[in-house]
Amino acid sequence: MAGVNVKSEIKPLKKVLLHRPGRELLNLTPNTLEELLFDDIPFLKVAQEEHDAFAQILRDNGVEVVYLEKLMAEVLDQNPELREKFLKQFIEEAGIRTERYQKIIYDYLNDNYPDNYDLVLKTMEGINLTELHTDKSNSLVDLVSDSSKMVVAPMPNLYFTRDPFAMIGNGVSINRMYSVTRNRETIYGEYIFTYHPEFKDAPEYYSRYNTFHIEGGDILNINDKVLAIGISQRTEPDAIDAIAKNIFEDSTSPIETILAFNIPNSRAFMHLDTVFTQIDVDKFTVHPGILGPLTVFEITPDGQGGIHVKEINDTLEDILEKYVGHPVELIPCGGGDRIAAEREQWNDGSNTLCIAPGTIVVYERNDVTNAVLKEKGLKVLEMPSAELSRGRGGPRCMSMPIWRED
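So, here is what we can say about the structure in this document. (Residues numbered from 1 in each chain as written. Predicted model: local features only at pLDDT ≥ 70, side-chain atom pairs only at ≥ 80, totals over all residues. Heavy atoms only, no water.)

**Side note on the layout of surface pockets**
One water molecule sets the probe size; rolling that probe over the atoms shows where empty space is left. Going by this rule: Grid points spaced at 1 Å and placed over the protein atoms alone form the basis of the search, with a cavity being a set where a 1.4 Å probe fits but cannot get out and a pocket an open set showing protein on both sides within 12 Å along at least five of seven lines. Lining residues have an atom within 4 Å of a point. Grid points are joined across faces, edges and corners, and a volume is the space filled by probe spheres set on the points. Put simply, DSSP marks the helices as runs of H or I at least four residues long and the strands as runs of E at least two long, and each gets a number from the N terminus on. Note that Gly is not counted as nonpolar here; it falls among the polar residues with everything else outside the nonpolar set of Ala, Val, Leu, Ile, Met, Phe, Trp, Tyr, Cys and Pro and the charged set of Asp, Glu, Lys and Arg.
If you add up the space inside the largest pocket, you get close to 570 Å³. If you go around the largest pocket, you meet 24 residues; those closest to its centre are A94, A153, V180, T181 and R184. Of all the elements, helix α7 (residues 180–183) adds the most residues to the lining of the largest pocket, at 3 residues. In terms of residue class, the lining of the largest pocket is made up of 9 nonpolar, 10 polar and 5 charged.

Set out below in structure tokens:
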């Protein structure tokens, strides 16, 4: 299974990319929660146990699990000359602008983390001022800085591997993230999809160096011919224009239509996959707040290297039925109960990971929604979620499918 192959949200999942939450969560503080996009501080030990349970559910169902941190370390192991380039790029993108600190941090990482796997984990964790043992008499900045200051910020959102990149058919979008905090996460994708022997030949449909924002939670593979992308808080229409042109220009891509869903700009509707996800051939979970009239833009190639855009105003059900090709059932989060829906949507009740038609991984805490899904005949695999859910993302957010059977 070299390369990537994802032309559906529901076909049997064979290979998936995860990141096991690490010490980056220990560098979350109440003062930095908003900046780092968290609402609370997860307990790392339990979060790791829950994530390991998630990975085991996937393995028990025939899915090969690969880890972001290991793939990145393999790139550096196989290409020793890239270590210096990666470190300098990482330090620059961490916002370290002074030559003095660039050298201090480079020497600190290079000397103390000779093993590439440990080095990668450390870049994810962040660096505290006290670790650097600088001579404070040489710098006013050091003298006035709080001893708990993070010189390099952590990347606590990394366990949501869905967002930094997205597999589209046999290609990849390496995304430009909405927030400064998360944009650094895509550096690992840049190296993996440029240098890792398993992934370096995948066509790149979007670059992290592009101007406009797009995130993986807004990208859904409806089938091999139709792609859905959300126009959301975190994905701009300009990015959708650009990625559409690149996909249509690739003669190997079978995608004929891209649907741009205009979704409300709010925390509850952060990405398209918090609004609806496909869970079976004819079933979708859905946020009840999206069941009214929707504005969707149908994007097709114009036959001259550009795109043609047509506005559609219809219900979600009618739009999905048209492009899926048969009747569909929308199952609302919380079973239609308003209070249950609001509570369970907050804990990603409709953010499910489908690993085969009708077989889905869900957070066990969403018991109202899960009971409804079971009544509908779905095979519901429940994972523990007391701590992972504090990051505001569900099983789909925490996973990036690399290969699904055609």
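Let's pick the thread back up.
**Some remarks on the pairing of strand β19 (residues 400–404)**
What counts here: Burial classes: relative accessible area under 20% of the type maximum marks a residue as buried, over 50% as exposed, and values in between as partly exposed (1.4 Å probe, protein chains only). Here, strands pair whenever DSSP counts at least two bridges between them.
With 4 of 5 residues buried, β19 lies mostly within the body of the structure. Where strand β1 (residues 13–18) lies against β19, 4 bridges are found, and the strand directions are antiparallel. Bridging across to β19, L17 finds its partner in M400.

**Considering empty space enclosed by the protein**
With the rule as written, the count across this model stands at 6 cavities of 30 Å³ or more. Here the largest cavity defines a volume of roughly 110 Å³. Lining the largest cavity are 14 residues; nearest its centre among them are F160, R182, M270, G391 and R392. In terms of residue class, the lining of the largest cavity is built from 4 nonpolar, 5 polar and 5 charged. Volume-wise, the second largest cavity comes out at about 70 Å³. Residue lining of the second largest cavity: 13 residues in total, with E9, R162, M167, N221 and R396 positioned closest to the centre. Looking at the lining of the second largest cavity, the elements with two or more residues in it are β5 (165–168), β8 (219–221) and β19. With 3 residues, the top contributor of residues to the lining of the second largest cavity is β19. Class assignment of the residues belonging to the lining of the second largest cavity gives a composition of 6 nonpolar, 3 polar and 4 charged.

**Description of the environment of Q278**
We count it as follows: By definition in these notes, contact holds between two residues if any of their heavy atoms fall within 4.5 Å. For the purposes of these results, a polar contact is taken to be a pair of N or O atoms within 3.5 Å, where, inside protein, one atom must be able to donate a hydrogen and its partner to accept one; residues adjacent in sequence count only when each atom of the pair is a side-chain atom.
Within the secondary structure layout, Q278 lies in strand β11 (residues 276–280). Spatially, the C-alpha atoms of Q278 and N351 are 9.5 Å apart, while their sequence positions differ by 73 residues. When neighbours within four sequence positions are excluded, Q278 is seen to be in contact with E9, I10, I222, K283, F284 and C354. A distance of 3.1 Å separates the side chain of Q278 from the backbone oxygen of D280, its partner in a polar contact.

**Remarks on helix α1 (residues 44–60)**
Our working rule: To estimate the expected span of a helix, subtract one from its residue number and multiply by 1.5 Å.
Given a rise of 1.5 Å per residue, 17 residues ought to cover 24 Å, and the 24 Å separating the end C-alpha atoms of α1 matches this to within 8%. Those residues of α1 lying buried are L44, A47, Q48, E50, H51, F54, A55, I57 and L58. The elements touched by buried residues of α1 are β1, β2 (64–67), β16 (353–356), β17 (359–363) and β18 (379–383). G62, located one to two residues past α1, shows a positive phi value of around 80°.

**As for the sheet that holds strand β7 (residues 204–206)**
Heads up, the condition is: Lines are fitted to the C-alpha atoms to define the axes, a helix being fitted only along its stretch in contact, and any angle between axes, read from their N-to-C directions, falls within 0 to 180 degrees.
Ordered by their spatial adjacency, 3 strands build an open sheet running β5-β6-β7, and the pairing between neighbours is mixed. Either end of the sheet is taken by a strand with one partner, and the two such strands are β5 and β7. Strand-to-strand twist of the sheet, defined as the mean angle between neighbouring strand axes without regard to direction, takes the value 30°. As paired elements, strand β6 (residues 171–174) and β7 share 2 bridges and run parallel to each other. Bridge pairing in β7 links V172 to E204. Its contacts with the sheet place helix α8 (residues 186–195) against β5 and β6, and it is angled at close to 150° to β6.

In short, geometric facts, not functional conclusions.
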